[in-house]
Each structure stands twice: as structure tokens, then as C-alpha cells.
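Listed here are the chains, written in short residue letters.
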Amino acid sequence: MALRHFFLILLVVSLWAFNNVAIKWGLLDLPPLFMICMRFVVVALLLIPFTRVTREQLRYLLPLSFTFGFLHFSLLFVGIKYTDAGTGAIVVQLGTPFAMLLAMLILKEKLTLIQVLGIAISLSGVVVLTGSPTIPSWWVLCLLLISAAGWAVSNMIVKKSPPIKPLTMTGWISFLAIPIVGLASWLLEADQFSALAHSTWRGWFGILYSAIGSSIVAYSLWYTLLKKYNVNLIMPYSLLTPVLAVIMGVVVLGDSMNIFKVIGALLVIVGTAISVINLRNLRMHARFPRLSRLRKTR
């Protein structure tokens, strides 16, 4: 891997990790559902004019606007309001093992014993995290787990859908999710536009960073790198996101650390790594990089 591409990967995971800090800042001024709705508005305004979808693609984008736009993103923002940035990032990381379990149940994809062990380790990390004071109530943990499940279900829908360009998908999911999240905000929150009008730089930064930095810029770079390198070589780096989110939360926001959070984070991240990293492919790529690239082009 070229050195510049390695630094690009680190930039992407750092952008994703800092998104949790930006969300926490934004939530100091704005209600969570309204904030994510404004994020969707910004993304849609920037992407929709330059993208088009077919009627067949729209059939899959509509449910994605609920599972990904509402269940994943909206509940993530609500959950992070009541916990710290690092804990939120750790729990939502469970979307990966959840997706693997759903693929086994729905798509009949087989899991190896090692993958099952990794998933079990990840889930044990959540059990440990329940003892952390950074999760003030069981329902906060449930919101974050449902957010992770929303991400997992969305992966199943994408797997069945016709090909859709990543930024096209991002723009249209955001556009279609606006009425869903907007209605939820109208029913459950109050004085949203007053909060926006009186928001400091933190509220606007949270909206714009989440929409542009974390979504459009980071995902554009990520998918560019995925086109150049083997998926099994790139994906493990995404596991750095919750680690960096915890570190940034402590350094930037002054989040606390405790033994439950440390052990729970290690179990979730290590378990996820065991379940998703194909060690055989990684060894092959390391020994025969030209052969790995050739297989990818087929």
C-alpha cells in the first residue's frame, strides 16, 4: 500500500471518530432528532441535484430511509445525547456482528467457528459495558443497540438491491429520511427552530461536520480506497474508529474512563476484528500482493 493511501485511511477513520465529538457539541445546542434532520437536509441539498435513481432503485431506498436514516442515525444521535462519545461509538460497532448474524439467518451465509467466537466476544463486551456509569440507563443502551441493528438490517437491504453509487445512495437516503425524522422531531421535541436560531457555533458545526466531513468527504475517500485495494486489507482499519472516538472523547470532551468501559471496548473491538478479518486472505495479500490484486479485478 502506498504511504499516501495509508495516511488517507487514517484520515478517514479519524473523520469518522471525530464525528462523535461533533455530535456531542451539536447536541449541547440542538435537540437530537432535529439535528439529524438538519444533517439530512444539508446532505440532500449537496448531493440530490447531481444524482439520479431509477424506479427499481427507489424501491430499496425507501426502506433504507427508515432502517438507515431513522433507526441507525436518529437513534444514534439520541443515544449519544445521554452517554459519552466513546461509549456510543463502541456499542454501534456491534452493527458488524449483527449484520453477520442476519446474513446467516436470512441469506443462509455460513459462519465459521472463529467468526461465531468473535461475535460472542463482541456481545460479551456489551454485557461488561452495562456496568459502566457512562450508560446511565438500560433504555440508552437499547437505543444504541437498535441503532446498530438498523445498520445491520440496512446492509441486508443493500445486499439485495441493484447497484447504487455510494454518494447517490447517501443523498437519496438523506432526502427520503427527512419527512420521517422531521415528523418524529415535531412529535417528540419542542422549540427546534428557536434552538437553531440561538445556536452557537457548536450546533452549526455539529450539523455541517456530520453532513460534509463525516458523510460526504469521508465516505468518498473510503470508497475510492476500496476500489484500489482488497476489501480484507482495508476493512480492518475501520475498527480504529471506536478506539479513536474514545481517545478523542477523553482528550477533547473530558470524558471519563473506567474499567467497565476499557474492558467492554476491548471485547467489542477484538471480537469484531476476529469475526470480520479474513486472516488467510491477509496472509495471501502480504505474500502475493500482485496475485491478490489480480483476483480483485476478476
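In this text, all values refer to a predicted model and were calculated from it rather than measured experimentally.

### Observations concerning the overall build of the protein chain
Okay, so step 1: Along the backbone of the protein chain there are 15 helices and zero strands.
Okay, so step 2: Here the protein chain holds 298 residues, and the buried ones make up 51% of them.
Okay, so step 3: Considering only contacts in the protein chain between residues 6 or more positions apart, those separated by 24 or more positions represent 89%.
Okay, so step 4: Of the roughly 14800 Å² that the protein chain leaves accessible, carbon and sulfur atoms contribute 70%.

### As for helix H7 (residues 138–160)
Okay, so step 1: For H7, with 23 residues, the first-to-last C-alpha span of 33 Å sits near the 33 Å given by 1.5 Å per residue.
Okay, so step 2: On its buried side, H7 packs onto helix H3 (55–81), helix H4 (85–92), helix H5 (95–106) and helix H6 (113–129).

### Some points on the packing of aromatic side chains
For any two aromatic rings, the description comes down to two numbers: the centre-to-centre distance and the angle of the planes.
Okay, so step 1: In total, this model carries 14 aromatic pairs according to the counting rule given.
Okay, so step 2: When the ring of Phe 66 is compared with that of Phe 70, the centres are 5.6 Å apart and the planes differ by 20°; the resulting orientation is stacked. Note that Phe 66 and Phe 70 are positioned in helix H3 at a spacing of four residues, about one turn of the helix.
Okay, so step 3: The exposure class of Phe 66 is partly exposed, given its relative accessible area of 38%.
Okay, so step 4: A relative accessible area of 18% means that Phe 70 is categorised as buried.
Okay, so step 5: Ring centres 5.1 Å apart and planes at 70° place the aromatic pair Tyr 82 and Trp 139 in the edge-to-face group. Remark: Trp 139 occurs in helix H7 and Tyr 82 occurs in the loop between H3 and H4; sequence separation between them is 57 residues.
Okay, so step 6: What makes Trp 139 partly exposed here is its relative accessible area of 36%.

### Brief notes about the nonpolar core
Okay, so step 1: Within the largest apolar cluster, 59 residues are counted, with the highest numbers of intra-cluster contacts made by Leu 30, Leu 61, Val 181 and Ile 207.
Okay, so step 2: For Val 181, the residues in contact, after removing those within four places along its chain, are Leu 33, Ile 36, Cys 37, Phe 40, Gly 69, Phe 70 and Ser 74.
Okay, so step 3: Ranked by size, the runner-up nonpolar core spans 15 residues in total, among them Val 21, Ala 89, Trp 222 and Met 248.

### With respect to the pattern of salt bridges
Okay, so step 1: Under the counting rule described, the total for this entry stands at one salt bridge.
Okay, so step 2: In this structure, Asp 29 and Arg 202 form a salt bridge, with 3.3 Å as the shortest nitrogen-oxygen distance. Taken as a pair, Asp 29 in the loop between helix H1 (3–27) and helix H2 (32–47) and Arg 202 in helix H10 (residues 201–228) lie far apart in primary sequence, 173 residues in all.

### Re the packing of H5 against helix H13 (residues 259–276)
Okay, so step 1: For the pair H5 and H13, interaxial distance at closest approach is 9 Å and the crossing angle is 40°. It follows from the interaxial angle that H5 and H13 lie oblique. In the packing of H5 onto H13, the handedness of the crossing is left-handed. Residues Thr 96, Pro 97 and Met 100 of H5 touch H13, and the partners they reach there are Thr 272, Ser 275 and Val 276.
Okay, so step 2: Classifying every residue of the contact of H5 with H13 by side-chain character gives three nonpolar, three polar and no charged.

### Focus: the environment of Phe 193
Okay, so step 1: Relative to the helices and strands, Phe 193 resides in helix H9 (residues 192–197).
Okay, so step 2: Overall, Phe 193 belongs to the exposed group, its relative accessible area being 63%.
Okay, so step 3: In this structure the C-alpha to C-alpha distance between Phe 193 and Leu 30, which are 163 residues apart in sequence, comes to 9.1 Å.

### A few points about H13
Okay, so step 1: Between its terminal C-alpha atoms H13 stretches 26 Å, which fits the 26 Å expected from 18 residues at 1.5 Å a residue.
Okay, so step 2: Regarding H13, the residues found buried are Lys 261, Gly 264, Ala 265, Val 268, Ile 269, Gly 271, Thr 272, Ala 273 and Ser 275.

### Looking at the confidence of the model for the protein chain
Okay, so step 1: Averaged over every residue, the pLDDT of the protein chain is 82; residues scoring 70 or more account for 89%.
Okay, so step 2: When pLDDT is averaged over each element of the protein chain, H2 comes out on top at 95 and helix H15 (residues 289–297) at the bottom at 39.
Okay, so step 3: Across residues 279–298 the pLDDT falls below 50, and counting only partners more than four positions away or on other chains, this stretch makes 16 contacts in the model.

### Overview of the environment of Thr 170
Okay, so step 1: If you trace the backbone, Thr 170 turns up in helix H8 (residues 166–188).
Okay, so step 2: Along the sequence, Thr 170 and Phe 40 sit 130 residues apart, while their C-alpha atoms lie 9.3 Å from each other.
Okay, so step 3: For Thr 170, the contacting residues outside a window of four places in its chain are Val 43, Leu 47 and Ser 215.

### Topic: the side chain of Ser 199
Okay, so step 1: By the element assignment, Ser 199 lies in the loop between H9 and H10.
Okay, so step 2: Note on Ser 199: relative accessible area 13%, which makes it buried.
Okay, so step 3: Of the polar contacts made by the side chain of Ser 199, one reaches the backbone nitrogen of Gly 203; its length is 3.5 Å.
Okay, so step 4: Those residues in contact with Ser 199, other than ones at most four positions away along the chain, are Asp 29, Leu 30 and Trp 204.

Rules of the game
- In every chain, residue numbers begin from 1 and rise along the written sequence.
- Where local features are concerned, this predicted model is filtered to residues with pLDDT of at least 70; where side-chain atom pairs are given and counted, the filter is 80 or more; whole-chain, interface and lining totals use all residues.
- Excluded from the side-chain calculations are hydrogens and water; all other atoms, namely the structure's heavy atoms, are used.
- Under the scheme used here, helices are H or I runs from DSSP no shorter than 4 residues and strands are E runs no shorter than 2 residues, and both carry numbers assigned from the N terminus.
- Note on exposure labels: buried denotes an accessible area under 20% of the residue type's maximum, exposed denotes more than 50%, and partly exposed covers the range between, all computed with a 1.4 Å probe on protein chains only.
- Contacts were defined at the residue level, with two residues in contact if any of their heavy atoms lie within 4.5 Å.
- Computed by Shrake-Rupley with a 1.4 Å probe, the accessible areas treat only the displayed protein chains as cover when residues are assessed.
- An expected span of 1.5 Å times one less than the residue number is assigned to each helix.
- Working definition: rings of Phe, Tyr and Trp (its six-membered ring) pair if their centres are within 6.5 Å, and the pair is stacked with planes under 30 degrees apart, edge-to-face with planes over 60 apart, and tilted otherwise.
- Joining through side-chain atoms within 4.5 Å is the link that ties buried Ala, Val, Leu, Ile, Met, Phe, Trp, Tyr and Cys residues into a set, and such a set is a nonpolar core.
- We define a salt bridge as a side-chain nitrogen of Lys or Arg found within 4 Å of a carboxyl oxygen belonging to Asp or Glu.
- Only the stretch in contact is used when a helix axis is fitted, and all axes are lines through C-alpha atoms; the angle between N-to-C directions ranges over 0 to 180 degrees.
- The cut-offs work like this: below 35 degrees is roughly parallel, past 145 is roughly antiparallel, 65 to 115 is roughly perpendicular, and the gaps in between are oblique.
- Each helix crossing is assigned a hand: it is left-handed if the near helix lies turned anticlockwise from the far helix by less than a right angle, otherwise right-handed if that turn is clockwise.
- Residues are grouped as follows: Ala, Val, Leu, Ile, Met, Phe, Trp, Tyr, Cys and Pro are nonpolar; Asp, Glu, Lys and Arg are charged; every other residue, Gly included, is polar.
- Predictor confidence is given residue by residue as pLDDT, running from a minimum of 0 to a maximum of 100.
- Definition of a polar contact: a pair of N or O atoms within 3.5 Å, with one able to donate and the other able to accept a hydrogen when the atoms are protein atoms, and with sequence-neighbouring residues admitted only if both atoms are side-chain atoms.

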